[in-house]
Amino acid sequence: MSSMANHDLILGQSHNLALGHDQQLMLSHNHSLGLGENHDLELGQTDDQHLGLGRTHDHELGLGIANDHELDLGLNHDDEGDGVHTYGHENELSMDQKPEHDDHVMPIPTQNHDLDLPENNDLAVSENQEFDENMALTVVQNPEMSIESAEAIGFHESQLMVTTPPVIQARTLAISPNYELSVGQEFPDVRSCRRALRDTAIALHFEMQTIKSDKTRFTAKCRSEGCPWRIHAAKLPGVPTFTIRTVHESHTCGGISHLGHQQASVQWVATSVEQRLKENPDCKPKEILEEIHRVHGITLSYKQAWRGKERIMAAMRGSFEEGYRLLPQYCEQVKRTNPGSIASVYANPTDNCFRRLFISFQASIYGFLNACRPLLELDRIYLKSKYLGTLLLATGFDGDGALFPLAFGVVDEENDDNWMWFLSELHNLLEINTENMPRLTILSDRQKGIVDGVEANFPTAFHGFCMRHLIDSFRKEFNNTMLVNLLWNAAQVLTILEFESKVLEIEEISQDAAYWIRRVPPHLWATAYFEGQSFFHLTANIVESLNTWILDASGLPIIQMMECIRRQLMIWFNERRETSMQWPSILVPSAERHVAEALDRARTHQVLRATDAEFEVISHEGTNTVDIRTRCCQCRGWQLYGLPCAHAVAALLSIRQNVHRFTESCFTVATYRKTYSQTIHPIPDKSLWKELSEAEGDVNASNANQLQLQIAINPPKSLRPPGRPRKKRVRAEDRGRVKRVVHCSRCNQTGHFRTTCAAPI
């Protein structure tokens, strides 16, 4: 604080200014030192300002006389910045506000800034209390007074000169929290008191042992044997406030020597990283450990960091148990905000434990029935949440080939019964929304439960293998990249001759692999034999296509997971709707590229016309018959993909027909826009569900429905096992290596060794 001319230092009535023999107070011409009735110390000639603390220069520095009144110039006070500093409960005066003027400011270090006031409140600067490198001023009555703020206090060089080394003008303050404990220090309640003591112990690297802790008292001592440090706090009468009554001596133990800390509990970890997790919920436990070690200098276990994160995330998103309990209300909100949607939850009637959840949004139902290709893929995702479970998916495809999720089912476990239930719900969804349900093509891994469910609920549908599952099974048996690529090629070729040629190539490399392929009926997976309409989709690869967000969602509580899915669908619908408005073509971009390629190839084809609808098309690949009335080509490309192949395009061009008129309607931009014409609407926060249900329940809901909403669903009985899930990893050096086929030297058969041979002698 700079002392300009005529600065007033306001002192109490009997406050004397005493300087030791080594301290010089130099006053320039006409400067007067006066202690009149107004107790002003006047320094200077022209200015008439008081020496103050705060934003303005009109504040007075008051030094109280009563005991236990702290003059605190630290960081732990929350001044609102209004320019006025007032005394709190402890008569604390803080210097959190920086002076508005920056002239001649001299920074002061943080260590040991003490201001000593004798019993008669004299301001004394003795010879052993000089302004040294530490700028130490000591307060006798209250030694806890400290300066920890970065506000500068300066003296004008021409007015007041003190014998101090010049180097201190270049030093800066290291700002650190104040962890000092003093008698009379107050806390809002016992929990705040314990928290403050815990934080102090961690910061100062000593461990506490609690002796007594109840609603009115808290007593603790240093955990190190022989250390005299002890603290006692008690509740003030009539209020929940706790105050420190006694603090016995200082530590003699030297602090802890290990890297951990007993007071670093899971709750402390949660409190320490709460703000970071709110800003970045994807923060990993390893990152939490690194931050705690960097900031606090202690090392914790991975489990502590993980549990601390789980505690904060549960507070932010709700617990897993609460998610199941609120499922009936959530389903009601789905149907209320998105009319026409299907949302049903089923529990075990004996104990109300969760069993099944089925959700399909009206916008998805409308888009699939009116604009998507009649193709569905069935898949599942194993949940990573506390109570495990499985997410079942039925996914279609829009005209441009993007995934179009239709329905979701959550079950307590994957089994044949639950697949039968899911496909029954899916059949009811399609049947009640259209009288003439299209003949579907369904792709899956064809496990027994799915096969039985499809046969029971979609008897007219064609049920083929999803190539992703077939390839995965083949790779497990024969871990050979060349064989896998040949299998893909065999699945994609259009003619039977090409298919057989690819299988022969596989047989030349491995007869076992060729035998494995021939055991799977080719009409279930090979395009050359395929009886349904695949629309370029031998595999949907749902999980890999959605893994950027749905795999992360699979570890959330059930309602949070479904909300994550709903929000993603809502974003997709809006983005794709807006994108399609910019398309100037008749067909969607992927279909437009396919037709353009067919046009290029068709220019070299020779066309012979047999009738108005039948043509013979000759190319370097061979001869194919095209019927434009039935939209069939002998190569089967037109039937399988829904877009004219090069042979069909050549025939259409020969009679000057518009090729775009002979494509399936799902490939047009107009139909694509219809796919996403409906909107998936937001769902209100769960805090409003009860109020909204009560507002509409009397009018719209039956008594039975209201009773169902009051039923609390319990979590399923399945629990995630403790510890980290084991992962089966394939070493890099083993990838692409041909799996060795074991051979028995006793019976000359493969698949076992001589020691395990069971053939009769």
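Residues numbered from 1 in each chain as written. Predicted model: local features only at pLDDT ≥ 70, side-chain atom pairs only at ≥ 80, totals over all residues. Heavy atoms only, no water.

With an unreviewed UniProt entry as reference, the protein is termed SWIM-type domain-containing protein, source organism Glycine max.

Caption draft 1: Highlighting the overall build of the protein. In terms of regular secondary structure, the protein is built from 22 helices and 20 strands. For the protein, buried positions account for 44% of its 761 residues. Carbon and sulfur atoms provide 50% of the accessible area of the protein, an area that totals close to 40,300 Å². (Helix = DSSP H or I, 4+ residues; strand = E, 2+ residues; numbered from the N terminus. Buried < 20%, exposed > 50% of the residue type's maximum accessible area, 1.4 Å probe, protein only. Areas by Shrake-Rupley, 256 points an atom, 1.4 Å probe, with all protein chains shown as cover.)

Caption draft 2: Representation of the packing of aromatic side chains. Applying the stated criterion to the full structure yields 19 aromatic pairs. Summarising the aromatic geometry, the rings of Tyr330 and Trp689 are spaced 5.9 Å apart at their centres and angled 45° between planes, so their arrangement reads as tilted. With Tyr330 in helix 6 (residues 327-337) and Trp689 in helix 21 (residues 689-700), the pair connects residues that are 359 residues apart, well separated along the chain. The class for Tyr330 is buried, based on a relative accessible area of 0%. Aromatic side chains Phe499 and Tyr529 sit 5.3 Å apart centroid to centroid with 80° between the ring planes, which places their arrangement in the edge-to-face category. Taken together, the residues Phe499 in helix 12 (residues 496-509) and Tyr529 in the loop between helix 13 (511-518) and helix 14 (542-546) connect sequence positions 30 residues apart. What makes Phe499 buried here is its relative accessible area of 5%. Tyr529 gets classed as partly exposed once you look at its relative accessible area, which sits at 25%. These aromatic residues form a ring-pair network of at least three members: Tyr346, Phe358, Trp419, Trp421 and Phe422. (Phe/Tyr/Trp six-rings, centres within 6.5 Å; stacked < 30°, edge-to-face > 60°.)

Caption draft 3: Representation of the environment of Val190 in the model. Here Val190 is to be found in helix 1 (residues 190-203). Since its relative accessible area comes to 17%, Val190 is described here as buried.

Caption draft 4: Spatial organisation of the sheet that holds strand 16 (residues 462-465). On the basis of which strands lie adjacent, the open sheet formed by seven strands has the order 10-11-14-13-12-15-16 and mixed pairing. Single-partner strands in this sheet number two, and they are strand 10 (342-347) and strand 16. Sheet twist, expressed as the average angle between the axes of neighbouring strands with direction ignored, equals 20°. Contacting strand 10, strand 11 (354-360), strand 12 (375-382), strand 13 (390-397) and strand 14 (403-411), helix 7 (residues 362-371) crosses the sheet at an angle of about 130° to strand 14. Sheet strands touched by helix 16 (residues 558-580): strand 11, strand 13 and strand 14. Its angle to strand 14, the strand with the most contacts, is close to 170°. (Pairing = 2+ DSSP bridges. Axes fitted to C-alpha atoms, helices over the stretch in contact; angles between N-to-C directions. Contact = heavy atoms within 4.5 Å.)

Caption draft 5: Local environment of helix 2 (residues 266-279). In this model, helix 2 (14 residues) spans 20 Å end to end at C-alpha, consistent with the 20 Å of a helix rising 1.5 Å per residue. Along helix 2, the residues classified as buried are Val266, Trp268, Val269, Ala270, Val273 and Leu277. (Expected span 1.5 Å × (residues − 1).)

Caption draft 6: View of the pairing of strand 13. Counting buried residues in strand 13 gives eight out of eight residues, a clear majority hidden from the surface. Side chains of strand 13 alternate between two faces, with Thr390, Leu392, Ala394 and Gly396 and Leu391, Leu393, Thr395 and Phe397 buried alike. Of the strand pairs in this sheet, strand 12 and strand 13 are connected by six bridges, and their pairing is antiparallel. Looking at strand 13, one finds that Glu377 is bridged to Thr395. Relative to strand 14, strand 13 runs antiparallel, the two sharing eight bridges. Counted as the bridge partner of Thr390 is Val411 from strand 14. A loop of five residues connects strand 13 with strand 14, the two strands running antiparallel in sequence, and Gly401 in this loop sits at a positive phi of about 90°.

Caption draft 7: Inspection of the pairing of strand 7 (residues 217-222) at higher detail. Judged from the five bridges that link them, strand 6 (residues 208-213) and strand 7 form a sheet pairing that is antiparallel. Its bridge partner being in strand 7, Thr210 is matched across the sheet by Ala220. Linking two consecutive strands that pair antiparallel, namely strand 6 and strand 7, is a turn of three residues. Here five bridges tie strand 7 to strand 8 (residues 230-235), and the two strands are oriented antiparallel to one another.

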